[in-house]
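What follows is each chain in one-letter form.
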Amino acid sequence: MVMKYSVIIILLIFMSCKNETAKQEVADANNEKEQSVTQITNSDFDLKVYDYDGLEPLINKKDEKVHVVNFWATWCAPCVKELPYFETINKDYKDKDVEVLLVSLDFPRNYDTKLKPFIKKHDLKSEIVAFDDTDQNRWIPAINENWTGALPATIIYKGDKRQFYEKSFTKEELENELKQFLK
Amino acid sequence: MKTLRILAVMVLVVTLSAFTTTDGDGYKIGDIATDFSLENIDGKMVSLSDYKDAKGFIVIFTCNTCPYAVAYEDRIEALNKKYASQGYPVIAIMPNNTDVKPGDNMEAMKARAKAKGFTFPYLMDKGQKIYPQYGATKTPHVYILEKTKKGNVVKYIGAIDDNYKDSSAVNTKYVEDAVDALKKNKEVPVKETRAIGCSIKV
């Protein structure tokens, strides 16, 4: 009898967590539209700038790797605080088939004055792209149905398994979430 | 004993479902929004109930320090200029913890309002009690309310328009369209939109 109720309780706990597991949505229809990728050339490095159609394939890769995608901006204090944790993961888990992608939402007018100097100053090693698409009501729900639009936000995915986080991480939290995908 | 066990399970079910449905969700379209009494930049307390002649409200959670909020400052002022006289004033609420974001403290709010010539109240959500009830997660985040006998009903949640970067390139003015519809007693055409913004600092 006790056993039976324990099962019910465990089931309930699982059910209460179910909305955290987000479905993966791949908008095939979008592929028809020409993707826009702008290359901003700088004497030191190039910054790739994407709109949503350009970004979409980068956050839906169909390979065997675990992908950690972080949406951030140089002016976003909680984003800047957690950046080193993503850098650590990029460094420590590279040989475990983990790829980190940092997607900057800095405004285009700040690419040369703020974003690039920031990347240089902090010597960021993860792959970084800039995202410039004003049609927020289209791409926010396309990236994740549960995203209200606040920064920072992070996606961890591998194949069809995908988790979305609209929150800041501590180093431990981020690593724990990543480990769910490494099993 | 059996009844006790069943009771225990029932309590658990209720507790769990209570957490899953209310945790962080905030208002949905059609909900009655809470009134408040928050300090304005002129030192006076402001409540929605102070506005006897209002037909509704454009409540905007915003702040000084978020670039998206800054990008919308002039448009928020323009909304108040256009709609306050028509019965839909802008009520701006600053939801951030000012210990985390000193650039959003009362002095900074006063300075910003003066520099930009804000004509709407710019209130401090002191103690951060109001924004969680609305379910605001970021700045800027808009809630349009319609005053009814039952209370202030939520009619629209989301973005101001569809281009945060460039006001001249806007295609759809969600907030204006919503208020215009309410004025004509019509359905709000787009009731919910997503807006990018800065997470509210706790």
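In what follows, the structure referred to is the one given above.
Parameters and conventions
- Residues numbered from 1 in each chain as written.
- Chains lettered and ligands numbered in written order.
- Predicted model: local features only at pLDDT ≥ 70, side-chain atom pairs only at ≥ 80, totals over all residues.
- Heavy atoms only, no water.
- Helix = DSSP H or I, 4+ residues; strand = E, 2+ residues; numbered from the N terminus.
- Buried < 20%, exposed > 50% of the residue type's maximum accessible area, 1.4 Å probe, protein only.
- Contact = heavy atoms within 4.5 Å.
- Disulfide = S-S within 2.5 Å.
- Expected span 1.5 Å × (residues − 1).
- Arc of directions from axis to C-beta.
- Axes fitted to C-alpha atoms, helices over the stretch in contact; angles between N-to-C directions.
- Parallel < 35°, antiparallel > 145°, perpendicular 65-115°, else oblique.
- Left-handed = near helix turned anticlockwise from the far one by under 90°.
- Nonpolar A, V, L, I, M, F, W, Y, C, P; charged D, E, K, R; others polar.
- Salt bridge = Lys/Arg side-chain N within 4 Å of Asp/Glu carboxyl O.

Draft legend 1. Expanded view of the environment of Trp139 of chain A. Here Trp139 of chain A is to be found in helix H5 (residues 136-143). Judged by relative accessible area, Trp139 of chain A falls into the buried class, the value being 1%. Taking the C-alpha atoms as reference points, Trp139 of chain A and Glu56 of chain A, separated by 83 residues in sequence, lie 9.3 Å from one another. Residues in contact with Trp139 of chain A, not counting those within four places in the same chain, are Tyr52, Leu105, Phe131, Asp133, Thr134 and Trp147 of chain A together with Ile196 of chain B.

Draft legend 2. Main features of the state of the cysteines. All names here are of chain B. Taken as a whole, this structure holds two disulfides over all chains when the rule is applied. Note on cysteine connectivity: Cys66 is disulfide-linked to Cys198, with sulfurs 2.0 Å apart. Residues Cys66 and Cys198 are joined by a disulfide whose S-S torsion is about 75°; by sign, that bridge is right-handed. Of this pair, Cys66 sits in the loop between strand S4 (56-61) and helix H2 (67-83) while Cys198 sits in strand S10 (residues 197-199), placing them 132 residues apart in sequence. Of the two residues, Cys66 and Cys198, both sit in the buried class. We note that Cys63 lacks a disulfide partner, and the nearest cysteine sulfur, in Cys66, lies 5.2 Å from it.

Draft legend 3. Just helix H6 (residues 171-182) of chain A, in detail. Residues and elements named next belong to chain A. Compared with the 16 Å implied by 1.5 Å per residue over 12 residues, the 17 Å span of H6 between its first and last C-alpha is a close match. Restricting attention to buried positions, one finds in H6 the residues Leu174, Leu178 and Phe181. Taken down its axis, H6 places every buried residue within 45° of arc, on the same side.

Draft legend 4. Region of interest: the packing of helix H3 (residues 77-92) of chain A against H6 of chain A. Residue and element names in this part refer to chain A. Interhelical geometry of H3 versus H6 gives an angle of 40° and a closest axis separation of 9 Å. On the basis of the axis angle, H3 is oblique to H6. With respect to the hand of their crossing, H3 and H6 are arranged in right-handed fashion. The segment H3 lies against H6, with Tyr85, Phe86, Thr88 and Ile89 engaging Lys171, Leu174 and Leu178. In terms of residue class, the contact of H3 with H6 is made up of five nonpolar, one polar and one charged.

Draft legend 5. Region of the structure containing the pattern of salt bridges. Tallied over the entire structure, the rule returns 19 salt bridges over all chains. Among the ionic pairs, Arg112 of chain B bridges to Glu73 of chain B, the shortest N-O distance being 2.7 Å. Of the two residues, Arg112 of chain B sits in helix H3 (residues 106-116) while Glu73 of chain B sits in helix H2, which places them 39 residues apart along the sequence. Residue classification places Arg112 of chain B among the partly exposed positions, given a relative accessible area of 28%. Given a relative accessible area of 5%, Glu73 of chain B falls into the buried group. Of the charged contacts in the structure, one is a salt bridge between Asp161 of chain B and Arg75 of chain B, with a shortest N-O distance of 3.0 Å. Of this pair, Asp161 of chain B sits in the loop between strand S9 (152-158) and helix H5 (174-183) while Arg75 of chain B sits in helix H2; the two residues are 86 residues apart in sequence, bridging distant segments of the chain. What you see here is one network of salt bridges that share partners, running through Lys61, Lys65 and Glu99 of chain A.

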